[in-house]
Amino acid sequence: MSGPSDFQPTNPVIKWIERRLPIFGLVHSSFVAYPTPRNLNYWWTFGAILSMMLGLQILTGVILAMHYTPNADLAFRSVEALVRDVNYGWLLRNMHAAGASMFFFAVYVHMFRGLYYGSYKEPREVLWILGVIIYLLMMATGFMGYVLPWGQMSFWGATVITNLFSAIPYVGDSIVTLLWGGYSVGNPTLNRFFSLHYLLPFLIAGVVVLHVWALHVAGQNNPAGVEAKTEKDVVPFTPYATIKDMFGVSCFLIFYAWFIFYMPNYLGDADNYIPANPGVTPAHIVPEWYYLPFYAILRSIPNKLAGVIAMFSAIVVLAFLPWLDTAKTRSSKYRPLAKQFFWIFVVVCVLLGYLGAQPPEGIYVIAGRILTVCYFGYFLILLPLLSRIETPRPVPNSIADDVLAKYGKKAASIVVAFVIAGGFLAGGVQNARADEQEAPPSQTWSFAGPFGKYDRGSLQRGLKIYKEVCSNCHALSYIAFRNLADPGGPGYSVAQAAAFASDYKIKDGPNDAGDMFDRPGRPADYFPSPFPNEQAARAANGGGLPPDLSLITKARSYERGFPRFIFDFFTQFQEQGPNYVSAILQGYKKKPAGVELPEGTYYNEYFPGHAIKMPQPLAKGQVTYDDGSPATLEQYAHDIATFLMWTAEPQMEARKHLGLQVFVFLIIFAGLMYFTKKKVWADAH
């Protein structure tokens with residue numbers, strides 16, 4: 001269904017091309033003159049949002065791939081090097097990582113809109129099935145991309161999910177071995193996933209082209225669910241739908257930018273800032289939030305094969321919707337019972353997502369089974385039954401008779417409901433991923449909030465504590481001496497950073513004689529490890545391995561609980577790591593009566609399990625400050641936590657500064673798009 005194109009090029013070059021390849025006429029008929037139902041509401045803008053997000057994900061992914069090393073020994077470090085050393089690498093990483101969540105958020109809204117308005121019904125069956133195929137490809141692409149950083153949750157998520165294929169009779173083990181490239185998740189697995197993750201987005205783009213083609217053949221559905229009959233029912237795609245989509249996209253970009261610049265780790269997992277370790281299993285292995293409903297279905301069934309079948313069936317059943325729902329009325333707006341059950345189904349999906357983030361035990365398993373039955377019952381029992389017993393309300397005779405204005409009043413409340421539901425899911429993930437422990441008290445940090453900056457004095461004092469105390473056991477291997485002179489850092493000059501580096505002895509070589517030798521440190525060198533290897537570190541620490549402190553404030557988190565995790569989104573609270581580090585350093589107490597600790601451990605009220613192998617590292621008066629700051633344990637803990645926050649987020653000030661500029665631009669742009677839309681649509685109404 002292409003629009004009546006009157007495209008007549010006047011430029012000689014375009015005219016020459018058009019005679020041989022009428023690409024400009026095709027674009028004009030498909031995206032300019034294409035007739036669009038005039039009653040489309042803002043839920044239809046998510047099609048344009050998804051197109052934009054696909055383009056952004058491909059663009060940022062290609063650039064990130066230029067700096068990524070798909071090797072199990074180097075992948076984690078290559079991602080950190082990209083974030084720290086590549087110009088605006090942090091921006092590309094945040095755009096791509098947060099973009100995956102935004103992509104899935106938009107596709108879920110797009111799918112629920114299609115469910116509500118019956119966009120899967122004749123003659124749009126192929127259009128809907130292509131959408132389901134895109135969704136399946138997205139899930140595969142997202143899963144493989146999540147593995148690439150090669151952190152703890154990446155590694156163990158890959159292990160758990162790929163193991164599901166072993167449930168397939170006869171060929172399951174062979175499939176798993178093929179995916180792994182061996183007998184466990186390792187370097188061949190990472191290479192396979194990197195190759196497929198790079199390839200699949202282009203396959204998705206190809207299916208999207210087919211999806212748009214099918215849309216133009218069948219025509220767009222609309223909130224009334226009736227076909228266009230006269231010219232009064234439609235408007236040209238450009239400028240009417242185009243300007244409306246641009247306004248919707250600009251509003252979505254504001255939401256997206258909030259995550260990029262102010263909450264980059266809100267939807268992530270702290271364990272993924274720990275390098276993959278096959279010998280240590282995380283307490284809770286939880287996938288990304290957009291897989292949680294299906295993960296809950298998988299875990300609700302005790303039989304592994306049946307659980308895998310149920311999980312995949314929960315997606316495949318969507319492709320059969322055109323034949324399961326045979327009601328003549330498309331839009332649930334005119335089907336009172338279908339509307340009520342639709343919103344119940346949305347609640348079921350949200351609750352399944354929450355359960356997917358909880359431990360598979362007790363009431364969570366029982367609730368998961370009940371909701372799984374409700375999920376499949378909606379498609380296999382309820383929709384076919386409603387098609388036969390429901391009496392719909394009268395449908396407008398034409399699109400022109402439908403009233404566009406009344407949709408807008410409900411849109412805001414539905415958006416709020418989606419935001420709250422998303423926060424509910426995020427909070428569920430936090431609850432599942434947090435160990436049972438005493439929550440550290442929140443402190444006041446100079447770097448908190450949208451205008452937060454590092455306290456230079458605190459950074460310098462924290463560096464002094466690290467050098468005199470922490471460096472005896474803990475490495476800082478992702479920080480180079482030159483970083484001490486970087487903007488947004490401790491505020492040293494290049495000469496001061498070079499002088500600081502020269503105090504260290506760096507192992508180098510071999511020389512011409514083939515021997516290793518020690519030399520003074522240079523600004524380009526990284527902070528040296530206190531031990532030559534992991535075995536030496538364990539031997540010196542009673543078998544325990546002191547963690548690298550470069551990312552410790554992002555690799556540690558704790559439960560915030562309901563409803564604080566919702567407020568955290570709006571207040572930009574992401575200081576769990578510094579609060580945790582500060583609390584641990586101050587949490588050493590005398591062992592309470594009746595508490596038994598393993599030999600060689602100490603009691604710490606904030607450490608998970610309260611038994612920590614590290615002796616209390618700091619005490620009052622241990623480090624002398626040159627600036628006269630109080631030499632108290634509280635001040636030490638605050639300063640070293642501030643310094644370690646900088647080592648984990650050295651680009652934080654640049655991120656927030658650029659974020660403010662982007663927000664000002666997007667808000668002005670969205671305002672201009674809104675008033676332009678009002679002006680353009682004034683004639684149509």
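Calculation criteria
Residues numbered from 1 in each chain as written. Predicted model: local features only at pLDDT ≥ 70, side-chain atom pairs only at ≥ 80, totals over all residues. Heavy atoms only, no water. Helix = DSSP H or I, 4+ residues; strand = E, 2+ residues; numbered from the N terminus. Buried < 20%, exposed > 50% of the residue type's maximum accessible area, 1.4 Å probe, protein only. Areas by Shrake-Rupley, 256 points an atom, 1.4 Å probe, with all protein chains shown as cover. Lys, Arg positive; Asp, Glu negative; His and termini not counted. Charge placed at Lys NZ, Arg CZ, Asp CG, Glu CD. Polar contact = N/O pair within 3.5 Å; in protein donor to acceptor, adjacent residues only side chain to side chain. Contact = heavy atoms within 4.5 Å. Salt bridge = Lys/Arg side-chain N within 4 Å of Asp/Glu carboxyl O. Phe/Tyr/Trp six-rings, centres within 6.5 Å; stacked < 30°, edge-to-face > 60°. Core = buried A, V, L, I, M, F, W, Y, C linked by side-chain atoms within 4.5 Å. Axes fitted to C-alpha atoms, helices over the stretch in contact; angles between N-to-C directions. Parallel < 35°, antiparallel > 145°, perpendicular 65-115°, else oblique. Nonpolar A, V, L, I, M, F, W, Y, C, P; charged D, E, K, R; others polar. Left-handed = near helix turned anticlockwise from the far one by under 90°. Patch = residues over 30% accessible without salt bridge, like charges linked within 9 Å, V, L, I, M, F, W, Y side chains within 5 Å. pLDDT = per-residue confidence, 0-100. Disulfide = S-S within 2.5 Å.

### Some words on the overall build of the protein chain
Reasoning step 1: Within the protein chain, the secondary structure is distributed over 24 helices and six strands.
Reasoning step 2: Out of the 685 residues belonging to the protein chain, those deemed buried represent 52%.
Reasoning step 3: A total accessible area of about 32100 Å² is found for the protein chain, and carbon and sulfur atoms account for 65% of it.
Reasoning step 4: A gap of 9 Å separates the mean positions of the 53 positive and 47 negative side-chain charges of the protein chain.

### Details of the side chain of Ser582
Reasoning step 1: By the secondary structure assignment, Ser582 is in helix α22 (residues 576–586).
Reasoning step 2: In terms of polar contacts, Ser582 uses its side chain to reach the side chain of Gln586, at 3.0 Å.

### Focus on the environment of Ala319
Reasoning step 1: In this fold, Ala319 is placed in the loop between α12 (304–316) and α13 (321–324).
Reasoning step 2: For Ala319, a relative accessible area of 17% puts it in the buried group.
Reasoning step 3: Measuring from C-alpha to C-alpha, the distance between Ala319 and Trp258 comes to 34 Å, with 61 residues separating the pair along the chain.
Reasoning step 4: When near neighbours in sequence (up to four residues on either side) are disregarded, Ala319 contacts Trp128, Ile129 and Val132.

### A short note on the side chain of Thr189
Reasoning step 1: Structurally, Thr189 can be placed in helix α9 (residues 187–218).
Reasoning step 2: Since its relative accessible area comes to 0%, Thr189 is described here as buried.
Reasoning step 3: Within the local environment of Thr189, its side chain forms a polar contact with the backbone oxygen of Trp180, the two atoms lying 2.7 Å apart.
Reasoning step 4: Ignoring sequence-local partners within four residues, the contact set of Thr189 consists of Leu179, Trp180 and Ser184.

### Things to note about the pattern of salt bridges
For side chains bearing opposite charge, pairing can occur when the charged atoms are close.
Reasoning step 1: Within the structure shown, the criterion is met by 19 salt bridges.
Reasoning step 2: The partner of Lys121 in a salt bridge is Asp325, with the nearest N and O atoms 3.1 Å apart. Placement of the pair is Lys121 in the loop between α5 (89–117) and α6 (125–147) and Asp325 in the loop between α13 and α14 (336–356), with a sequence separation of 204 residues. We note that Lys121, like Asp325, is buried.
Reasoning step 3: As a salt-bridge pair, Arg461 and Asp639 come within 2.8 Å of each other at their nearest N and O atoms. One end of the pair, Arg461, is in helix α17 (residues 456–468); the other, Asp639, is in helix α23 (residues 633–648), and 178 residues separate them in sequence.
Reasoning step 4: The exposure class assigned to Asp639 is buried, which follows from its relative accessible area of 0%.
Reasoning step 5: Each of Lys121, Asp325, Arg335 and Glu390 takes part in one network of salt bridges that share partners.

### Description of unusual backbone geometry
Reasoning step 1: In this structure, Pro123 follows Glu122 across a cis peptide bond, with omega equal to 10°.
Reasoning step 2: You can see Pro123 is positioned in the loop between α5 and α6.
Reasoning step 3: Following Thr238, the chain continues into Pro239 via a peptide bond in cis, with omega recorded as 15°.
Reasoning step 4: With respect to the helices and strands, the residue Pro239 is situated in helix α10 (residues 237–261).
Reasoning step 5: A positive phi angle is found at Tyr170, which is not glycine, with a value near 70°.
Reasoning step 6: Among the secondary structure elements, Tyr170 is positioned in the loop between α7 (152–163) and α8 (172–180).

### Let's talk about the packing of aromatic side chains
Reasoning step 1: All told, the structure shown has 65 aromatic pairs when counted by the stated rule.
Reasoning step 2: Between Tyr240 and Trp681 the ring centres are 5.4 Å apart and the planes differ by 75°, which places this aromatic pair in the edge-to-face class. Note that Tyr240 is positioned in helix α10 and Trp681 in helix α24 (residues 652–684), a separation of 441 residues in sequence. No difference in accessibility class separates Tyr240 from Trp681, as the two residues are buried.

### Brief notes about the nonpolar core
Reasoning step 1: With 117 residues, the main nonpolar core has Met53, Phe104, Leu115, Tyr135, Phe294, Tyr375 and Phe379 as its most contacted residues.
Reasoning step 2: Sequence-distant contacts of Phe379, defined by excluding residues within four places in its chain, comprise Leu115, Val317, Leu318, Leu321, Leu324, Phe345 and Pro384.
Reasoning step 3: In terms of nonpolar packing, the next biggest core, distinct from the first, is built from 36 residues, Ile465, Ala501, Ile640 and Ala641 among them.

### Some remarks on the packing of α17 against α23
Reasoning step 1: Packing of α17 against α23 brings their axes to within 7 Å, and their N-to-C directions diverge by 100°. Comparing their axes, α23 and α17 come out roughly perpendicular. Along its contact with α17, which presents Ser458, Leu459, Arg461, Gly462, Leu463, Ile465 and Tyr466, the element α23 presents Gln635, Tyr636, His638, Asp639, Ile640, Thr642, Phe643 and Trp646.
Reasoning step 2: Class assignment for the residues of the contact of α17 with α23 results in eight nonpolar, five polar and two charged.

### Overview of the packing of α5 against α24
Reasoning step 1: Two elements in contact, α5 and α24, have axes separated by 10 Å at closest approach and are oriented at 65°. By the criterion of interaxial angle, the relationship of α5 to α24 is roughly perpendicular. Remark: the crossing between α5 and α24 carries right-handed chirality. Listed contacts from α24 to Trp90, Leu91 and Asn94 of α5 are Ala654, Arg655 and Leu658.

### What to know about the environment of Phe104
Reasoning step 1: Structurally, the position occupied by Phe104 is in helix α5.
Reasoning step 2: On the accessibility criterion, Phe104 (3% relative accessible area) is buried.
Reasoning step 3: For the pair Phe104 and Phe573, spaced 469 residues apart in sequence, the C-alpha to C-alpha distance is 23 Å.
Reasoning step 4: Filtering out sequence-adjacent residues up to four positions away, Phe104 remains in contact with Tyr135, Met138, Met139, Trp289, Tyr290 and Tyr291.

### Comments concerning the environment of Lys229
Reasoning step 1: Structurally, Lys229 is set in the loop between α9 and β2 (234–236).
Reasoning step 2: On a C-alpha basis, the gap between Lys229 and Asn397 in space is 9.3 Å, while along the polypeptide they are 168 residues apart.
Reasoning step 3: Once you skip the residues sitting within four places of it in the chain, Lys229 turns out to touch Asn397 and Ser398.

### A short note on a nonpolar patch on the surface
Reasoning step 1: Taken together, the side chains of Leu21, Ile23, Phe24, Leu26, Val27 and Phe31 define a hydrophobic patch exposed on the protein surface, amounting to about 520 Å² of accessible area.
Reasoning step 2: Secondary-structure assignment places Ile23 in helix α2 (residues 23–31).

### A short note on the confidence of the model for the protein chain
Reasoning step 1: For the protein chain, the mean per-residue pLDDT works out to 91, and 94% of the residues sit at or above 70.
Reasoning step 2: Residue range residues 407–420 is modelled with pLDDT below 50. Its contacts to residues more than four positions away, or to other chains, number 15 contacts.
Reasoning step 3: Every residue in residues 429–436 is under pLDDT 50, and counting partners more than four places away or in other chains gives 23 contacts.

### What about the state of the cysteines?
Working definition: the covalent bond between the sulfur atoms of two cysteines is a disulfide.
Reasoning step 1: In total, this model carries zero disulfides according to the counting rule given.
Reasoning step 2: For Cys349, which is in no disulfide, the shortest distance to another cysteine sulfur is to Cys374 and amounts to 11 Å.
Reasoning step 3: A relative accessible area of 14% means that Cys349 is categorised as buried.
Reasoning step 4: The closest cysteine sulfur to the non-disulfide-bonded Cys473 is located on Cys470, 8.9 Å from its own sulfur.

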